[in-house]
Amino acid sequence: MPRLMSVAYTEDAVRRRAKTVTRRKGWDYLRPGERITLCRKVMGRKTGEPLVRIVDVEVVDVRREPLRDITAEDVAREGFPELSPAEFVDRFFVRAQGIAPDEVVTRIEWRYLDADAAQLAFDVAPAAEGR
């Protein structure tokens, strides 16, 4: 069974399949090939609040790096193309979690599993039309 990961702040980017990277304190046990179910909210749900599963992804890369090493490209892949790397780190790590820019976090990159199914349906559809 896949692990569950909350993507509350980036749910829209996940639904658009624009988010392909996240940074987390911890999660250093992940390995490429593992699957994760991205959810609206995992921990802190109120009694009776449902677990909203959004999509399953497969981890393609996991590495540890200082927050300060984040690039503009990765900020966009995190779902925030409008932010600079410094703004992203300040908003989501320094102010929100008290994590300093020089702290090492886990960078997790994934691919969407439903993209394979969508591509397969697209690849098969034209052959069916030609009959």
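Not measured: the values here are computed from a predicted model.

Focus on the overall build of the protein
Looking only at helices and strands, one finds four helices and five strands in the protein. In sequence order, the protein lays out its α and β elements as β-α-β-β-β-α-α-β-α. Looking at the 131 residues of the protein, the share that counts as buried comes to 35%. Of all intrachain contacts in the protein linking residues separated by at least 6 positions in sequence, the fraction that spans at least 24 positions is 74%.

Topic: the pairing of strand β4 (residues 53-66)
When strand β3 (residues 35-39) meets β4, the two strands line up antiparallel, connected through five bridges. What sits directly across from Cys39, in β4, is Arg53. In terms of strand pairing, β4 meets strand β5 (residues 104-112) through nine bridges, oriented antiparallel. Across the sheet, the residue bridging to Pro66 is Val104, located in β5.

Regarding the nonpolar core
In this structure, Ile36, Leu38 and Ile108 are the most contacted members of the largest nonpolar core, which totals 14 residues. Going through the elements one at a time, β3, β4 and β5 are the ones with two or more residues in this core. Here this core gets four residues from one element, more than from any other, and that element is β4. Setting aside its immediate chain neighbours within four residues, Ile108 contacts Met5, Thr20, Val21, Thr22, Arg24, Trp27, Leu30, Ile36, Val59 and Asp61. Judged by nonpolar contacts, the second largest core, of eleven residues, contains Val75, Phe80, Val89 and Val105.

Points about unusual backbone geometry
Phi at Arg17 takes a positive value of approximately 65 degrees, unusual for a residue other than glycine. Relative to the helices and strands, Arg17 is located in the loop between α1 (11-15) and β2 (21-24). Of note, the phi angle at Trp27 is positive, near 55 degrees, even though the residue is not glycine. You can see Trp27 is positioned in the loop between β2 and β3.

Rules and cut-offs
Residues numbered from 1 in each chain as written. Predicted model: local features only at pLDDT ≥ 70, side-chain atom pairs only at ≥ 80, totals over all residues. Heavy atoms only, no water. Helix = DSSP H or I, 4+ residues; strand = E, 2+ residues; numbered from the N terminus. Buried < 20%, exposed > 50% of the residue type's maximum accessible area, 1.4 Å probe, protein only. Contact = heavy atoms within 4.5 Å. Pairing = 2+ DSSP bridges. Core = buried A, V, L, I, M, F, W, Y, C linked by side-chain atoms within 4.5 Å.

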